[in-house]
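Listed below are the residues making up each chain.
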Amino acid sequence: QIAAMSALTDILLAPDVRPFAVAAGIMVVLGGIELLAMLIGFSLGELFGKEVAVDVDSGDGLGGLFLWINAGRLPLLILIVLALGVFSITGFFLQGLAHGAGISIPVLIAAIAAAGFSLPVIRVTSRGIARIIPRDETYAVDNADFIGRVAEVSVGPLDQGPPGRVRLKDVFGNWHSLVARAGPESTPLPVGASVLLVDRAQQA
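Residues numbered from 1 in each chain as written. Predicted model: local features only at pLDDT ≥ 70, side-chain atom pairs only at ≥ 80, totals over all residues. Heavy atoms only, no water.

J.: Break down the confidence of the model for the protein for me, citing the residues and quoting the values.
T.: Averaged over every residue, the pLDDT of the protein is 75; the share at 70 or more is 70%. Every residue in residues 1-8 is under pLDDT 50, and counting partners more than four places away or in other chains gives 0 contacts. Predicted confidence for residues 49-60 stays below pLDDT 50, and this span has 24 contacts to residues more than four positions away or in other chains. (pLDDT = per-residue confidence, 0-100. Contact = heavy atoms within 4.5 Å.)

J.: An account of the pairing of strand E2 (residues 164-169) is needed here, citing residue identities and associated values.
T.: What you see with E2 is a clean split: Gly-164, Val-166 and Leu-168 sit on the buried side and Arg-165, Arg-167 and Lys-169 on the side with no burial. Summarising the sheet, strand E1 (residues 150-155) and E2 pair through 3 bridges and their orientation is antiparallel. Bridge assignment links Val-153 to a residue of E2, and that residue is Val-166. In this sheet, strand E3 (residues 175-180) lies alongside E2 in antiparallel orientation, the contact comprising 6 bridges. Bridge pairing in E3 links Gly-164 to Ala-180. (Buried < 20%, exposed > 50% of the residue type's maximum accessible area, 1.4 Å probe, protein only. Helix = DSSP H or I, 4+ residues; strand = E, 2+ residues; numbered from the N terminus. Pairing = 2+ DSSP bridges.)

J.: So, the packing of helix H5 (residues 76-100) against helix H6 (residues 107-132): which residues are in play, and what are the values?
T.: Between H5 and H6, the least distance of the axes is 8 Å, while the angle of their chain directions is 135°. With respect to their mutual orientation, H5 and H6 come out oblique. For H5 against H6, the interelement crossing comes out right-handed. Taken together, the residues of H6 that come into contact with H5 (itself represented by Ile-78, Leu-79, Leu-82, Ala-83, Val-86, Phe-87, Thr-90, Gly-91, Leu-94 and Gln-95) are Ala-110, Ala-111, Ala-113, Ala-114, Ala-115, Phe-117, Ser-118, Val-121, Ile-122, Thr-125, Ser-126 and Ile-129. (Axes fitted to C-alpha atoms, helices over the stretch in contact; angles between N-to-C directions. Parallel < 35°, antiparallel > 145°, perpendicular 65-115°, else oblique. Left-handed = near helix turned anticlockwise from the far one by under 90°.)

Here you go:
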């Protein structure tokens, strides 16, 4: 048994699988902390798990990638744990196949390949998890419901030129990021200013 444990340790600490072992370790630590927190009525996911949708409005670049793997449809902490787990399993699997063939894939190439293979798996798996996890975000809120509410300018300043963005919470406590422009009689509104939403422009 001691020999078996020693062999397993050697495998997990081997240089060509070290990134995947580290990812697995972080996943276990985060999962364990979250489990213990839930037992005392607290959740780490509540601290930062509802902010993803605010920053991924863009369909390009990193924002587009986040949208593609369903960021915002499930708590951020769960998405991180899922990504770490899939990346770790994929990496060990790739290096296992390589070792079985008598070769060793360089660790950087293995990590890049594992990340590439992981993305479609994360997308499919996160979509399935999102369907079974109860979330406040499942409540539908129309933009018209924000009229008369106070928001904060997040991208600006707001004037009569190109629109900026404001952020505010809905009645369920979820953050939203809205395209906005200052009213005709308003002076420019700087980033961080509190503003009252007074009208909704009709889109053609």
